[in-house]
Amino acid sequence: MKRREFIKTGLAGGVLALTGGRFAAQEARMADARIEILLDEPIGRIAPEIYGHFVEHLGGVVYDGIWVGEDSKVPNVGGVRQAIVEAMKRIKASVIRWPGGCFADSYNWRDGVGPRKGRPRRPNFWIDAREWPKGAPDGPWKYDPNHFGTDEFLRFCQLSGAQPYLAANVRSLTARDFYEWVDYCNSPAGTTTLAEMRAAAGQPAPWNVRYWGVGNESWGCGGGFTPEEYAVEYRRFMEWVPRYGLNLAFIGSGPNSGDLSWSRRFFGRLAEKGGFGRMWGWGLHHYSWNVTGGRTNDWFEGKGDAVKYPREEWYELLSEANRMEKLITDHWAIMGEFDRQHRVKLLVDEWGAWYKPGSEVHNSHLLGQQATIRDSLLAGLTLDIFHRHADKVAMANIAQLVNCLQSLFLAHEDKFILTPTYHVFDMYAAHQGGQSIRTNVSSSPLKYTINNRPATMRGLNGSASLHDRRMVLTVTNPDPNASVETEVTIYGANVKEVNVTTLTAKDIHVHNDFDNPRAIEPQTSQAAAKGRALVYSFAPASVTRLQITLA
Ligand code: AHR
């Protein structure tokens, strides 16, 4: 039987159709794609920590982005930009990683505690970066006054409803500095000298920080270690850390994208002494940046513009993001060679789009970039990949929260906007804590031309999760030209009602900015439905959430 005939047969017998949010009873018809949700094939619980964030002392992320100071005319809560706190609560922000990134391995946590007035000013790790926008002024982004330190960050997490994830300095501090930071954060009130210091800063009760990263990118800015050398450092840092009754979760500095040898050699060396040093997670980093279709692999030359991109760069960037699926399965397989029970989970503690400089909203925002509808597709398809691997991925942190790489917010002084990526986090929050369900998507690959050669990329894709009698299905359609009519079948249940939210734009370059902050935002519609299958037409260049009430 031909595919078309099969789809037609499958649709016969009373199917329900939704097109662009409109709903109608539909007789047998042909669809371009098919989604099958197999209720009896649960994959695993979608950890809310997959909806994690990342904040580094880099350009305008902390100073101007999050920290405006208590005396600022910008509405703030104890110095933290209030608009961000409120927006973070709306999307159920689960965890925030800090203080880096590369900055982490240059940071002495002691610089950022105690009375703010007495804290030292230090050159920032990024001070000599080649990407600084022209005329970037001196300021806290270059000479860090340490006004935003441990307590300020932990208070920001508390206000946002997120858990903290602290990344420790392995390159330029000692194991002792690390466990003393744990002491400062977690020792019970009145017990240690550092607990008293914390109390003097207004926090007598322990912060109870659970997630601790042991370095960052230890293969590069975090020390330039070989995997074997890092394994030795990792073991030394882990050998003794005070727990104070907490189930601490230690995170190893994992590979750069497809560097499988970093995973294999690190785990191999750890396994020699047996055990994995109480490791909870292994942090993979993957950025989508090379849009040249293989013309170059140069870190600077390979990047494209955040807004003014030719059509082939749309496809290339999203293809780079699609690599995430194989990265997860490849690194997971290697980890399993040593850790057969898969006790150690995979984290993706840095991911997102990285463009060339030029679209930042202020010249102090090093690595600041605009975000278009393309970024919302990237966010949606990546989160869908994490859901499809909910049994493996325990946490993920998009880089970075504000005024930087794939940001949820852009802010300068009193100006503040939500990016399309924020809207995806808002739409997808409905997945958090649900049971990821096997979802098979069949659709045609997209064809395009780059470097005068034909190329293809994956078309429609998505994921589904179950929450009692409610199913959340999210789907990205990366085709910028055509909507994709899709038959969605849920095996094992009938459909009662469908609530649709779509994020799309008529032009693939559309983005929000300070003058037009709502150029792109989600649209919602509702429909009653019944039966086992429905037909929905996914708009071109769109991210869609169907919330399906099951009968
Ligand atoms: O997110 C920007 C930088 O990218 C981080 O500091 C580093 O970890 C990565 O290379």
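What counts and how
- Residues numbered from 1 in each chain as written.
- Predicted model: local features only at pLDDT ≥ 70, side-chain atom pairs only at ≥ 80, totals over all residues.
- Heavy atoms only, no water.
- Helix = DSSP H or I, 4+ residues; strand = E, 2+ residues; numbered from the N terminus.
- Areas by Shrake-Rupley, 256 points an atom, 1.4 Å probe, with all protein chains shown as cover.
- Lys, Arg positive; Asp, Glu negative; His and termini not counted.
- Charge placed at Lys NZ, Arg CZ, Asp CG, Glu CD.
- Salt bridge = Lys/Arg side-chain N within 4 Å of Asp/Glu carboxyl O.
- Buried < 20%, exposed > 50% of the residue type's maximum accessible area, 1.4 Å probe, protein only.
- Core = buried A, V, L, I, M, F, W, Y, C linked by side-chain atoms within 4.5 Å.
- Contact = heavy atoms within 4.5 Å.
- Near = heavy atom within 4 Å.
- Polar contact = N/O pair within 3.5 Å; in protein donor to acceptor, adjacent residues only side chain to side chain.
- Nonpolar A, V, L, I, M, F, W, Y, C, P; charged D, E, K, R; others polar.
- Pairing = 2+ DSSP bridges.
- Axes fitted to C-alpha atoms, helices over the stretch in contact; angles between N-to-C directions.

(A) Fine view of the overall build of the chain. Scanning the chain from terminus to terminus reveals eleven helices and 27 strands. Taking the principal axes of the C-alpha coordinates as reference, the chain spans close to 75 × 55 × 45 Å. With an accessible surface of roughly 20,800 Å², the chain has 49% of that area assigned to carbon and sulfur atoms. If the 62 positive side-chain charges of the chain are averaged to one point and the 60 negative ones to another, these points end up 4 Å apart.

(B) Just the pattern of salt bridges, in detail. Following the criterion strictly, the structure yields 24 salt bridges and no others. Asp 349 serves as the salt-bridge partner of Arg 97, at 3.9 Å between the closest nitrogen and oxygen. Within this pair, whereas Arg 97 is found in strand S7 (residues 95-98), its partner Asp 349 is found in strand S14 (residues 345-353), the two being separated by 252 residues in sequence. Overall, Arg 97 belongs to the buried group, its relative accessible area being 1%. Using a relative accessible area of 3% as the deciding quantity, one classes Asp 349 as buried. Two residues, Glu 521 and Arg 518, come together in a salt bridge whose shortest N-O distance is 2.8 Å. On the basis of relative accessibility, which here comes to 59%, the residue Arg 518 falls in the exposed class. Each of the salt bridges in this network shares a partner with another, and the network as a whole consists of Glu 70, Arg 116, Arg 119 and Glu 152.

(C) Here's a closer look at the nonpolar core. Phe 148, Phe 156, Trp 212, Trp 282, Trp 351, Phe 386 and Phe 409 are the most contacted members of the largest nonpolar core, which has 131 residues in total. No other element matches the eight residues that helix H10 (residues 373-388) contributes to this core. Excluding its chain neighbours within four sequence positions, the residues that come into contact with Trp 212 are Tyr 165, Leu 166, Phe 178, Trp 181, Val 182, Cys 185, Asn 186, Leu 248, Ala 249, Phe 250 and Ile 251. Of all hydrophobic cores here, the second largest spans 24 residues; its members include Leu 39, Met 471, Leu 534 and Leu 550.

(D) Spatial organisation of the site of the ligand. Around the ligand sit 13 residues, and of these Glu 56, Cys 102, Glu 217, Tyr 287 and Glu 350 come closest. At a separation of 3.0 Å, an oxygen atom of the ligand approaches a polar side-chain atom of Gln 400. Burial of the ligand by the protein amounts to 94% of the accessible area it has alone, namely 290 Å². In the shell around the ligand, the residues fall into seven nonpolar, three polar and three charged.

(E) Layout of the environment of Ala 136. As for its position among the elements, Ala 136 is in the loop between strand S8 (122-123) and strand S9 (143-144). Judged by its relative accessible area of 14%, Ala 136 falls in the buried class. Residues contacting Ala 136, with those up to four places away along its chain left out, are Lys 142 and Asn 363.

(F) Region of interest: the environment of Ser 257. By the secondary structure assignment, Ser 257 is in the loop between strand S12 (249-256) and helix H7 (260-272). Judged by relative accessible area, which is 11%, Ser 257 ranks as buried. Sequence-wise, Ser 257 and Asp 183 are 74 residues apart; in three dimensions their C-alpha atoms are separated by 33 Å. Those residues within four positions of Ser 257 in sequence are excluded, and the remaining contacts are Leu 284, His 285, His 286, Tyr 287, Arg 323, Leu 327 and His 331.

(G) How the structure looks around the sheet that holds strand S11 (residues 211-214). Around the barrel, which closes on itself, the eight strands sit in the order S4-S7-S10-S11-S12-S13-S14-S15 with parallel pairing between neighbours. Strand-to-strand twist across the sheet, computed as the mean angle between neighbouring axes with direction ignored, equals 30°. Across eight bridges, the pairing between strand S13 (residues 279-288) and S14 is parallel. Each residue of the ladder has a partner; that of Tyr 287, found in S14, is Gly 352. The strands touched by helix H6 (residues 227-238) within the sheet are S11, S12 and S13, with S12 carrying the most contacts at an inclination of about 170°. Of the strands in this sheet, S13, S14 and strand S15 (393-398) touch H10, which is tilted by about 170° from S14.

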